[in-house]
Amino acid sequence: VKRCEELKEELWLQECKEKFPHVCEIYQRIKPIFSYTAEDYTVIVPSGIEDIIEEGSKLHHCVGNNERYLERIERESSYVLFLRHTKNPKKPYYTLEVEPDGTVRQKRTMFDRQEKDIEEATAFLRKWQSVVANRLTSTEKKLAVRSKALREQEFLELKNNGVRIWTGGYNGRPLLEILMEDLMVNANVAAEPVLAAAA
C-alpha cells in the first residue's frame, strides 16, 4: 500500500512538472525578492513543485494536491511560500499564498488551520512585506496589478456562488469571509491603477 501511494505521488509529480513547466524557473527569479530571515521567522521560497507537494503532504492541506496553486504560480498571479521558525527552517510551520507585490492571500498550517501563534507571525510578515516592497521589480509590480484584479474577480465569484468551507473546523462558513480575514495587503506598495494592466 505504501509503495502504491509513493508511485501515485511520483506520477502526480511528473504530471505536474509537465503541465506547469515554468514553476522552477519562476521561483529562481523571485527568490531574491521574497526570501527573508529574521531572528524568529524565515520566509523560504521553494525550489519547485517537489517542495510544494512535500509541504502539502506534511501539513495535510490542499497546496500539495491541488493544481489551482500551481496554475497560479505558472501564470504568476500568486506564489506558494513557506513560513518557518528560523531555528528550525526545515520543519513546515505555515504555508503562505502570496501575490507578486507581497500581499498575503492565505497563511495556513496543519489541516488548513490557523492557530493563535499566527498573530505573532503576522507581525513578522508585516516587516517582511516592507522588505519585499523595497525589492520589487517593475515586472512584479505589473504582475501585482493583474493579480489583484484576478483576486477581486475570484472573490466576487465566491460571493455570488455562496461557496462555503467545511474543512479545518470552519463548519460551513463562507469561504470569502475566511479569505478576507486572511488577506494582508502589502500597504508598503503604492497602488497601481488597474486600468493600466488592461491597456
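Residues numbered from 1 in each chain as written. Predicted model: local features only at pLDDT ≥ 70, side-chain atom pairs only at ≥ 80, totals over all residues. Heavy atoms only, no water.

1. Some points on the overall build of the protein chain
Step number 1: When its secondary structure is counted, the protein chain shows eight helices and seven strands.
Step number 2: Over its C-alpha trace the protein chain gives a radius of gyration of 17 Å, about what one expects of a compact globule, namely 16 Å for 199 residues.
Step number 3: Projected onto the principal axes, the alpha-carbon positions of the protein chain cover approximately 55 × 40 × 40 Å.
Step number 4: Here the protein chain holds 199 residues, and 44% of them are scored as buried.
Step number 5: Sequence-distant contacts in the protein chain: of pairs separated by 6 or more residues, those separated by 24 or more amount to 68%.
Step number 6: Of the roughly 11,200 Å² of accessible surface on the protein chain, a fraction of 53% belongs to carbon and sulfur atoms.
Step number 7: Within the protein chain, one finds 31 positive and 33 negative side-chain charges whose respective centroids are separated by 3 Å. (Helix = DSSP H or I, 4+ residues; strand = E, 2+ residues; numbered from the N terminus. Rg over C-alpha atoms; globule rule 2.2 N^0.38 Å. Buried < 20%, exposed > 50% of the residue type's maximum accessible area, 1.4 Å probe, protein only. Contact = heavy atoms within 4.5 Å. Areas by Shrake-Rupley, 256 points an atom, 1.4 Å probe, with all protein chains shown as cover. Lys, Arg positive; Asp, Glu negative; His and termini not counted. Charge placed at Lys NZ, Arg CZ, Asp CG, Glu CD.)

2. Some words on the side chain of Ser147
Step number 1: Along the chain, Ser147 falls in helix 6 (residues 138-161).
Step number 2: Among all residues touching Ser147, those that are not within four sequence positions of it are Ser77, Glu99, Pro100 and Arg105.

3. What to know about the packing of aromatic side chains
Step number 1: With the rule as written, the count across this model stands at six aromatic pairs.
Step number 2: Plain terms: the ring middles of Phe34 and Trp128 are 6.2 Å apart, the flat faces sit at 40° to each other, and that makes the pair tilted. One end of the pair, Phe34, is in helix 2 (residues 23-34); the other, Trp128, is in helix 5 (residues 118-135), and 94 residues separate them in sequence.
Step number 3: Residue classification places Trp128 among the buried residues on the basis of a relative accessible area of 0%.
Step number 4: Ring centres of Tyr41 and Tyr93 lie 6.2 Å apart, and the angle between their planes is 20°; this geometry places the pair in the stacked category. Here Tyr41, found in strand 2 (residues 41-44), pairs with Tyr93, found in the loop between strand 3 (79-85) and strand 4 (94-98); they are 52 residues apart in sequence, far enough to count as distant. (Phe/Tyr/Trp six-rings, centres within 6.5 Å; stacked < 30°, edge-to-face > 60°.)

4. Re the sheet that holds strand 4
Step number 1: Across the sheet, five strands lie side by side as 1-2-3-4-5; this open sheet has antiparallel pairing. Here the strands that pair on one side only, and so sit at the sheet edges, are strand 1 (36-37) and strand 5 (104-108).
Step number 2: Direction of pairing for strand 2 relative to strand 3: antiparallel, over a ladder of four bridges. Across the sheet, residue Ile44 finds its bridge partner in strand 3, namely Phe82. (Pairing = 2+ DSSP bridges.)

5. Brief notes about the layout of surface pockets
Step number 1: Space inside the largest pocket adds up to approximately 440 Å³.
Step number 2: Arg68, Tyr69, Gln106, Leu175 and Leu179 are the residues nearest the centre of the largest pocket, which is lined by 21 residues in total.
Step number 3: Secondary-structure elements contributing two or more residues to the lining of the largest pocket are helix 4 (67-74), strand 5, helix 6 and helix 7 (175-182).
Step number 4: The biggest single contributor to the lining of the largest pocket is helix 4, with four residues. (1 Å grid on protein atoms, 1.4 Å probe; cavity = no way out; pocket = protein on both sides within 12 Å on 5 of 7 lines; lining within 4 Å. Points joined across faces, edges and corners; volume = space filled by probe spheres on them.)

6. Things to note about the environment of Arg72
Step number 1: Within the element layout of this structure, Arg72 appears in helix 4.
Step number 2: Arg72 sits in the buried class, given a relative accessible area of 6%.
Step number 3: Contacts of Arg72, omitting those with residues within four sequence positions, involve Ser77, Ser78, Glu97, Arg105 and Glu154.

7. Concerning the confidence of the model for the protein chain
Step number 1: Considering every residue of the protein chain, the mean pLDDT works out to 91; 94% of them sit at 70 or more.
Step number 2: With pLDDT under 50 throughout, residues 194-199 is counted as low confidence; its partners more than four residues away or in other chains account for four contacts. (pLDDT = per-residue confidence, 0-100.)

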